[in-house]
Protein chains: 2
Amino acid sequence: MKLAIYGYGNIGRGVECAVRQNPDAELTGVFTRRPPESVRTLTGAPVYAAADVDAHASDIDVLVICGGSATDLPGLTPALAGRFHVVDSFDTHARIPEHFAKVDAAARESGHLALISGGWDPGMFSLSRLYGSAILPDGKDYTFWGRGVSQGHSDAVRRIPGVLDARQYTVPIPEALDAVRSGSMPELTARQKHRREVYVVAAEGADRAAIEHAVVTMPNYFDEYDTTVTFITAEEMKRDHAALPHGGFVFRTGRTGLNREHSHTIEYRLTLDSNPEFTALVLVALARAVDRMAKRGETGCRTIFDVTPADLSPLSGEELRARLL
Amino acid sequence: MKLAIYGYGNIGRGVECAVRQNPDAELTGVFTRRPPESVRTLTGAPVYAAADVDAHASDIDVLVICGGSATDLPGLTPALAGRFHVVDSFDTHARIPEHFAKVDAAARESGHLALISGGWDPGMFSLSRLYGSAILPDGKDYTFWGRGVSQGHSDAVRRIPGVLDARQYTVPIPEALDAVRSGSMPELTARQKHRREVYVVAAEGADRAAIEHAVVTMPNYFDEYDTTVTFITAEEMKRDHAALPHGGFVFRTGRTGLNREHSHTIEYRLTLDSNPEFTALVLVALARAVDRMAKRGETGCRTIFDVTPADLSPLSGEELRARLL
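Parameters at a glance
- Residues numbered from 1 in each chain as written.
- Chains lettered and ligands numbered in written order.
- Predicted model: local features only at pLDDT ≥ 70, side-chain atom pairs only at ≥ 80, totals over all residues.
- Heavy atoms only, no water.
- 1 Å grid on protein atoms, 1.4 Å probe; cavity = no way out; pocket = protein on both sides within 12 Å on 5 of 7 lines; lining within 4 Å.
- Points joined across faces, edges and corners; volume = space filled by probe spheres on them.
- Helix = DSSP H or I, 4+ residues; strand = E, 2+ residues; numbered from the N terminus.
- Core = buried A, V, L, I, M, F, W, Y, C linked by side-chain atoms within 4.5 Å.
- Buried < 20%, exposed > 50% of the residue type's maximum accessible area, 1.4 Å probe, protein only.
- Contact = heavy atoms within 4.5 Å.
- Buried area = accessible area lost by both parts, 1.4 Å probe.
- Salt bridge = Lys/Arg side-chain N within 4 Å of Asp/Glu carboxyl O.
- Polar contact = N/O pair within 3.5 Å; in protein donor to acceptor, adjacent residues only side chain to side chain.
- Pairing = 2+ DSSP bridges.
- Axes fitted to C-alpha atoms, helices over the stretch in contact; angles between N-to-C directions.
- Parallel < 35°, antiparallel > 145°, perpendicular 65-115°, else oblique.
- Nonpolar A, V, L, I, M, F, W, Y, C, P; charged D, E, K, R; others polar.
- Least-squares fit on C-alpha atoms with pLDDT ≥ 70 in both.

A few points about empty space enclosed by the protein
Where empty space is left in the structure can be found by rolling a water-sized probe over the atoms. Per the stated rule, a full pass over the model turns up three cavities of 30 Å³ or more. Quantified by volume, the largest cavity comes out at close to 200 Å³. Lining the largest cavity are 18 residues, and of these S128 and Y268 of chain A together with S128, Y131 and Y268 of chain B lie nearest its centre. For the lining of the largest cavity, the secondary structure elements donating two or more residues are α4 (124-135) and β13 (262-272) of chain A together with α4 (124-135), β12 (246-256) and β13 (262-272) of chain B. With six residues, the top contributor of residues to the lining of the largest cavity is α4 of chain B.

Brief notes about the nonpolar core
Grouped together as the largest cluster of nonpolar side chains are 152 residues, with contacts concentrated most on M124 and F278 of chain B. What F278 of chain B contacts, discounting residues up to four positions off in sequence, is I135, L136, H264 and I266 of chain A together with W120, M124, L270 and L272 of chain B. A166, A202, I211 and V215 of chain A belong to the second largest nonpolar core, which has 14 residues in total.

Some words on the interface of chain A and chain B
Contacts between the two partners involve 65 residues from chain A, matched on the other side by 65 residues from chain B. Between chain A and chain B, roughly 5800 Å² of surface is buried when both sides are summed, and carbon and sulfur atoms account for 65% of that area. On the chain A side of the contact with chain B, L258, R321 and L325 of chain A bury the most area, a combined 14% of that side's loss. Here chain A is connected to chain B by zero salt bridges. Counting every contact that joins chain A to chain B gives 27 residue pairs in polar contact (both at pLDDT 80 or more).

Examining the sheet that holds β13 of chain B
Spatially, the six strands line up as an open sheet ordered β7(A)-β12(A)-β13(A)-β13(B)-β12(B)-β7(B), and their pairing is antiparallel. The two strands at the open ends of the sheet, each matched to only one other strand, are β7 (139-145) of chain A together with β7 (139-145) of chain B. With direction set aside, neighbouring strand axes in the sheet form an average angle of 10°. Relative to β12 of chain B, β7 of chain B runs antiparallel, the two being bridged by seven bridges. Within the sheet, the bridge partner assigned to F144 of chain B lies in β12 of chain B and is F249 of chain B. Against the sheet, helix α6 (residues 174-181) of chain A touches β7, β12 (246-256) and β13 of chain A together with β13 of chain B, its axis set at about 30° to β12 of chain A. Strands β12 and β13 of chain A together with β12 and β13 of chain B of the sheet are contacted by helix α10 (residues 275-295) of chain A, whose axis makes an angle of about 70° with β13 of chain B.

Digging into the packing of α4 of chain A against α4 of chain B
Between α4 of chain A and α4 of chain B, whose axes approach to 13 Å, the crossing angle comes to 170°. Judged on the interaxial angle alone, α4 of chain B and α4 of chain A are roughly antiparallel. Residue-level contacts link M124, L127, Y131 and I135 of chain A of α4 of chain A to M124, L127, Y131 and I135 of chain B of α4 of chain B. Across the contact of α4 of chain A with α4 of chain B, the residue classes tally to eight nonpolar, no polar and no charged.

Side note on the relation of the copies chain A and chain B
For these two chains of identical sequence, chain A goes onto chain B by a turn of 180° and a shift of 0.0 Å along the axis, with RMSD 0.0 Å. Here the two chains are linked by the operation of a two-fold rotation axis. In this assembly the copies share their binding face: 100% of the residues contributing to the interface of chain A also contribute to that of chain B.

What about the environment of R292 of chain A?
All names here are of chain A. Tracing the chain through its elements places R292 in helix α10. In this structure R292 comes out as partly exposed when scored by relative accessible area, which is 26%. Linking R292 and G148, residues 144 residues apart in sequence, is a C-alpha distance of 34 Å.

Take it as geometry only, folks, not as evidence of what the structure does.
In structure tokens:
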């Protein structure tokens, strides 16, 4: 299958690397809204202007849209789903129904197939929540994130006056994980589930106490959590906090038996050195499924919930049953 | 959907309990090869003779076949797939392709839909292996079982002269789990991955040393593992070893990045108080999918690899996207 990347940031670079791990996929181009000559790809993949994407349609089976969910994808995905089979990683959970409806309308009208919200949350974590709730109906699910970098929280700290750079780690609390694993189905507050670690590079002469206060009291982002703020140098930030690790846990615990006498725990855990590279690998597997489903004549919008596991794999049904079942 | 149970052992009783947790499912009958009047169901579900199952066809959307993989299912599932939409839990991994082919032929010819090998391994563990390999192509997977009761190993010990009863627990070795979690992709022998604990009730006057020797040297079952044999009384067996817990771990670890510089670990863990009741819940979720897929006109044999996650859930696509994605 011929894939192209639309938007060349962290996830776009991840897709570029991911294609090399999937022998049935070929990267035919990277489309950017920057001047193409200013962009150098990791693997030498050709770079084209985003405005020229339609001219390359015959070289694109599936277009992997790699943009931000806040401002890029809400417009981009519906527009591109009118001309290509597409995959995106839209991750604003609360706005998924609205995004789905717009993409679905555009894709149906043009006879294309689109898949939105690929990645790990939404994505693989969503799958775990769905499988868990379908299998253990008398139960409860829990999602924990981290230890990992939250871009949204890091950005929020960077907007505080006197902050030059910031990195925020979301950290699940071990006692909460153990309480969930025990099958006791505890009720947990935000503060009981996660703590937040913030590393800040402050401007020379900035009021560090004021910065710390602004962080820990920030509504929605930090006020409901125990947060530690550590001031570091720009060199330390670059040396110790350049990576983008993430991951987390999805649990489903439930009870079975005539008198609910048996307890069951399903735990799905991701430990990721590189959040964008893992997201990109999920997107490429989903692009494979979109390519197959489109060739079977499907149109409209889908999510990972609508994809058979078999369609994600390069192996045939016979191979899957013999080797992995 | 109207479900019926064919075969009333541990899994059959589990399906009976599972139906009560799924409001969209109704249990219309239990079919047994024993004299129906000798069988009393847990919930008062009606019991019929297996030979009369065809007379109840109009009350059965999906027949859940609950038999043993060694002798029952290889004949039963193809025969019943010629008359009903069916689900089974065939779990002899090496013979799945052969079983699939026979069931597929019978189901296609009669226009029915069959799903084989539902449960957790094969089943949910298979899904984890597939998702893991599709997402991290440059990686390695590991399956660990336990701590849990292996019926096959328990039966093997029971066949040793002088053994009145036996229970075998498969136990994953913590150091091996940690080595896998580290992302180092170790090569592990059978002995390094699992140990085996055997509890034996010996006949009065039996040669315990001979029994222990027969256990720990038994080819295929025990000789490649470190095995402990503990002699207990019949009362202790009944008091401490009546339950059927099981579970285990599926890992996929892999590397990403331009120079394979990033490591990723996917861990899927089940901790089950009741192996048959959990298996039964998976079978009921799969029966829901079979019912929907059959109503869409699908025929032939399928596995859990061919089922969209959405089809396992009683929720609508809109509900799933809004609540679980």
